[in-house]
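Structure at a glance
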Amino acid sequence: MLALTIVVPFLGSLLLFNQAVVDVLTISPELVRRWFHLTVENSDDAARKLTFSRLYYVYFGLTFLGVGSALFVLFCPLDIKNYSTAIEYQTTEAPLVSKPKMTLILPFIAYEYSKWMGDEEYKYALGVMRGLGQPDDFHVLFSAVISEMYGALPRDKVSDETRDRVGDDPEANGHPFEDFRHRPDPSKIAHVIHSGVRILMGFVDCLEELATKEKFRNDVLTLHYMALDHTKPLLRLVIAAFYGLGFGLLLIPTAQTFFTVAMQVFTRP
């Protein structure tokens, strides 16, 4: 239904301020007379003025909702528009996941994780923006999934990649995949996945191959859906502001009517 409000900025003035529409929507003069204790002569004019004031609220409220809906349609990721939940996305996409497709999905997830978890390249992502960018459950799930995938890799593959990266390199900063306790470090692994360092592409290729397996596939698709759902935090704030203004303006005439009727009921002798 909200999608229909997109047409309001273009057609609203033709509909809401059409004389025939105004005549149909005009509040009963008799009701207005009783509400505001007016004379019969003044009630018709007061009813039309009250109707117009409420139409203005409706017009601007629907216009703000229309702008918000238009921005959502234009910028919302396609998978988020097509699937209402992560489970629906998993059910439909899981049978279609291939290794080439995972080479797009896994680096995107790793990039989003790195961006909001304090990677040196993305230090601007702090405070409120980090919370808007990716929620805590995304970070927790990514850490758990990537650590389990790392543990499922053949040990000789991890050892070879580590030797290639660290062995003769005096600039290397510790283990490329693990922390000082020799546990998988999700931040390091995420950086390796999305940075595209050529010497470690064999390691990344193994992770992408694992991500297509049934054991990890649904979790990776869930992470992909969550990452898509929380992209463009500034734009989502703008859209939420338009929706908030729109619903707020639409509530004003409703609140006015409720207050007026309530006063009539509770002050009646």
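Below you will find a few notes about this structure. This one's a predicted model, so the numbers in the text were calculated from it and none came from an experiment.

**Topic: the pattern of salt bridges**
Following the criterion strictly, the structure yields six salt bridges and no others. Measuring nitrogen to oxygen at the nearest pair gives 2.7 Å for the salt bridge that ties lysine 99 to aspartate 205. Taken together, the residues lysine 99 in helix α7 (residues 99-116) and aspartate 205 in helix α12 (residues 201-211) connect sequence positions 106 residues apart. Glutamate 209 is the partner of lysine 213 in a salt bridge, and the nearest nitrogen-oxygen pair spans 3.6 Å. When its relative accessible area of 40% is taken as the criterion, lysine 213 is described as partly exposed. The exposure class of glutamate 209 is partly exposed, given its relative accessible area of 33%. The network of salt bridges with common partners includes Lys99, Asp205, Glu209 and Lys213.

**Describing empty space enclosed by the protein**
Inspection of every chain in the model, using the stated rule, returns one cavity of 30 Å³ or more. For the largest cavity, the full set of lining residues is Leu106, Ile109, Phe142, Val145, Ile146, Met149, Val220 and Leu223. Listed by contribution, the elements that provide at least two residues to the lining of the largest cavity are α7, α9 (136-152) and α13 (214-229). Element by element, the count of residues in the lining of the largest cavity is highest for α9, at four residues. Classifying every residue of the lining of the largest cavity gives eight nonpolar, no polar and no charged.

**Notes on the packing of α9 against α13**
Where α9 meets α13, the closest approach of the two axes is 10 Å, and the angle between their N-to-C directions is 150 degrees. Our classification of the angle between α9 and α13 gives roughly antiparallel. By crossing handedness, the relation of α9 to α13 is classed as left-handed. Contacts between α9 and α13 involve Asp137, Phe138, Leu141, Phe142, Val145, Glu148, Met149 and Ala152 from the former and Lys215, Phe216, Asp219, Val220, Thr222, Leu223, Met226 and Ala227 from the latter. Counted by class, the contact of α9 with α13 contains 11 nonpolar, one polar and four charged residues.

**Some details on unusual backbone geometry**
Phi is positive for histidine 182, close to 65 degrees, though the residue is something other than glycine. Summarising the element assignment, histidine 182 is placed in the loop between α10 (155-166) and α11 (186-195). Given the relative accessible area of 62%, histidine 182 is considered exposed. Of note, the phi angle at lysine 232 is positive, near 50 degrees, even though the residue is not glycine. Of note, lysine 232 is situated in the loop between α13 and α14 (233-267). On the accessibility criterion, lysine 232 (41% relative accessible area) is partly exposed.

The rules behind these values
- Residues numbered from 1 in each chain as written.
- Predicted model: local features only at pLDDT ≥ 70, side-chain atom pairs only at ≥ 80, totals over all residues.
- Heavy atoms only, no water.
- Salt bridge = Lys/Arg side-chain N within 4 Å of Asp/Glu carboxyl O.
- Helix = DSSP H or I, 4+ residues; strand = E, 2+ residues; numbered from the N terminus.
- Buried < 20%, exposed > 50% of the residue type's maximum accessible area, 1.4 Å probe, protein only.
- 1 Å grid on protein atoms, 1.4 Å probe; cavity = no way out; pocket = protein on both sides within 12 Å on 5 of 7 lines; lining within 4 Å.
- Points joined across faces, edges and corners; volume = space filled by probe spheres on them.
- Nonpolar A, V, L, I, M, F, W, Y, C, P; charged D, E, K, R; others polar.
- Axes fitted to C-alpha atoms, helices over the stretch in contact; angles between N-to-C directions.
- Parallel < 35°, antiparallel > 145°, perpendicular 65-115°, else oblique.
- Left-handed = near helix turned anticlockwise from the far one by under 90°.
- Contact = heavy atoms within 4.5 Å.

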